[in-house]
Every structure is written in C-alpha cells, then in structure tokens.
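# Report on the structure
Here is what each chain is made of, one letter per residue.
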Amino acid sequence: LAPYKWLRDFSPEKSDLDFFIVDELMFNKICSDFFKFKADVNSGVIKYQTVTERIMWNASYFENIEKNIGYGFIDTIKVPNRLEYRNALHCNRVIEKIADKIGILLENKNINHKNNKSSIRCYRNHIDAIRRMTFNICQATKKIQSETT
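Numbers given to residues run from 1 along each chain, matching the order in which its sequence is written. The predicted origin of the model limits local features to residues at a pLDDT of at least 70 and limits the giving and counting of side-chain atom pairs to 80 or more, whereas totals for whole chains, interfaces and linings rest on all residues. Side-chain metrics rest on all non-hydrogen atoms present in the structure, leaving aside hydrogens and water.

Secondary structure counts use DSSP, requiring at least four H or I residues in a row for a helix and at least two E residues in a row for a strand, with both numbered from the N terminus. Along its length, the protein carries 5 helices and 3 strands. Along the chain direction, N to C, the helices and strands of the protein fall in the order β-α-α-α-β-α-β-α. For each residue, the accessible area found with a 1.4 Å probe, counting protein chains only, is set against the maximum for its type, and the residue is called buried under 20%, exposed over 50%, and partly exposed in between. Here the protein holds 149 residues, and the buried ones make up 34% of them. Under the convention used here, a 1.4 Å probe and the Shrake-Rupley method define accessible areas, while residue burial counts only the protein chains that appear. As displayed, the protein has an accessible area near 9,800 Å², and 56% of this comes from carbon and sulfur atoms.

Let us now look at the sheet that holds strand β1 (residues 17–22). DSSP calls a pair of strands paired once it identifies at least 2 bridges connecting them. The strand order β1-β3-β2 describes an open sheet built from 3 strands, whose pairing is mixed. Of all strands in the sheet, those with a lone pairing partner are β1 and β2 (73–75), marking the two edges. Averaged over all neighbouring strand pairs, the angle between strand axes comes to 20°, with direction disregarded. When β1 meets strand β3 (residues 118–123), the two strands line up parallel, connected through 6 bridges. Counted as the bridge partner of F19 is I120 from β3. Taken strand by strand, helix α5 (residues 126–148) contacts β1, β2 and β3, and its axis lies near 125° from that of β3. What counts as an axis is a line fitted to C-alpha atoms, over the stretch in contact for a helix, and the angles between N-to-C directions run from 0 to 180 degrees. Here, two residues are considered to be in contact whenever any of their heavy atoms come within 4.5 Å of each other.

Here we take up the packing of aromatic side chains. Two aromatic rings, drawn from Phe, Tyr or Trp (for Trp, its six-membered ring), form a pair once their centres lie within 6.5 Å of each other, and the interplanar angle then sorts them: stacked below 30 degrees, edge-to-face above 60, tilted otherwise. Counted under the stated rule, the structure contains 9 aromatic pairs. Ring centres of F34 and F62 lie 6.0 Å apart, and the angle between their planes is 45°; this geometry places the pair in the tilted category. Within this pair, whereas F34 is found in helix α1 (residues 24–43), its partner F62 is found in helix α3 (residues 59–70), the two being separated by 28 residues in sequence. Of the residues examined, F34 reaches a relative accessible area of 0% and is grouped as buried. Among the residues examined, F62 registers a relative accessible area of 4% and is labelled buried.

Okay, the side chain of D75 next. Here D75 shows up in strand β2. Under the rule applied, a polar contact is a pair of N or O atoms within 3.5 Å (in protein, one hydrogen donor and one hydrogen acceptor; residues adjacent in sequence only if both atoms are side-chain atoms). Polar side-chain contacts of D75 include one of 2.7 Å to the side chain of R121.

This paragraph deals with the nonpolar core. Residues F34, F37, W57, F62, I69 and I74 are the most contacted members of the largest nonpolar core, which totals 20 residues. Among the secondary structure elements, those contributing two or more residues to this core are α1, α3, α4 (86–108) and β3. Among the elements that take part in this core, α1 stands out by supplying 6 residues, more than any other. In contact with F34, not counting residues within four places along its chain, are F62, I65, E66, I69, I74 and V79. Put simply, a nonpolar core is a bunch of buried Ala, Val, Leu, Ile, Met, Phe, Trp, Tyr and Cys residues held in one set by side-chain atoms that sit within 4.5 Å of each other.

This paragraph deals with the environment of I65. Assignment of secondary structure puts I65 in helix α3. As for I65 and V79, which are separated by 14 residues in sequence, their C-alpha atoms are 9.8 Å apart. Apart from the residues within four sequence positions on either side, I65 is in contact with F34, I74 and K78.

Contact geometry for α1 and α4: axes closest at 7 Å, N-to-C directions at 115°. Note on element contacts: α4 touches α1 through R86, N87, A88 and C91, opposite M26, K29, I30 and D33. Looking at the contact of α1 with α4 residue by residue, the class counts come to 4 nonpolar, 1 polar and 3 charged. We call Asp, Glu, Lys and Arg charged. Ala, Val, Leu, Ile, Met, Phe, Trp, Tyr, Cys and Pro are nonpolar, and the rest, Gly among them, are polar.

As structure tokens, this is what we get:
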C-alpha cells in the first residue's frame, strides 16, 4: 500500500499481505467506526492499552486518516480491534484468517512466511481506487527514476 515499498521483491520473512476492497457501504461503515473511535479517544471513553497506542493516537494520527477518507479510502487496521468498532474488527479478523491460510499454503511449498501484518484498504468507489493506485504508481516511478539518475 505504501508507494515507497512498491517493486520490492516478496520476502517470506519480511513481506506483509495487503488487500483492498471497493464497496461504498463497507467504506461508510468503517468510516463510522473510525469517527466513533476518534470521539471515544477524545472524550476519554477509550483508554490506552499500550504505550504505542498512547504515542500513536494523537491529533496528526486522526488528521491523516481523515485526509485519506477525503481521498476515498480507509485502512481498517487504523481502527483498533475492539467490539465497539465491529465493522473494522470483522474486516481485520477476516484478513487475519486469509493471511493464515496463505501462510499454510506457502508452508506446504516449503516457504516459511512470517505474517508480519496484513491489512485491508477499503475504497469508496472504483474511481477513488484507480486514482490512488495511479498516484502510488507515479510515486514509485519517480523513486525509481531518481535512483537510476
């Protein structure tokens, strides 16, 4: 998903598995979970469970996610896996199961894949998906061109 990671060779030890879906209803549900999560953090309803959460969940974290929503996508992994945010939780659990099954398939071929992190990016519509992938491809192209000159 990150433009700076494009065109890297797959590494069973390091690579994560990223998927995306295009569905406006799911996009809206995940966004609702995100805005509830943000409100819960700001109101103190949700408490930090780890030091990482305390460091990450700041104003710029929420601003970046809102900016992405404006671009027509949201990463389900940005919403914590808690029952209060059931749509994101469901997506994240499904992707974990898919990644585990892929890991089993790789192991059957004697490829040891350590599933570092799997994620789903949910796009509002096909136009937003194409627009973002085009942007990412352009960024990767610029990186390649700068490295070869």
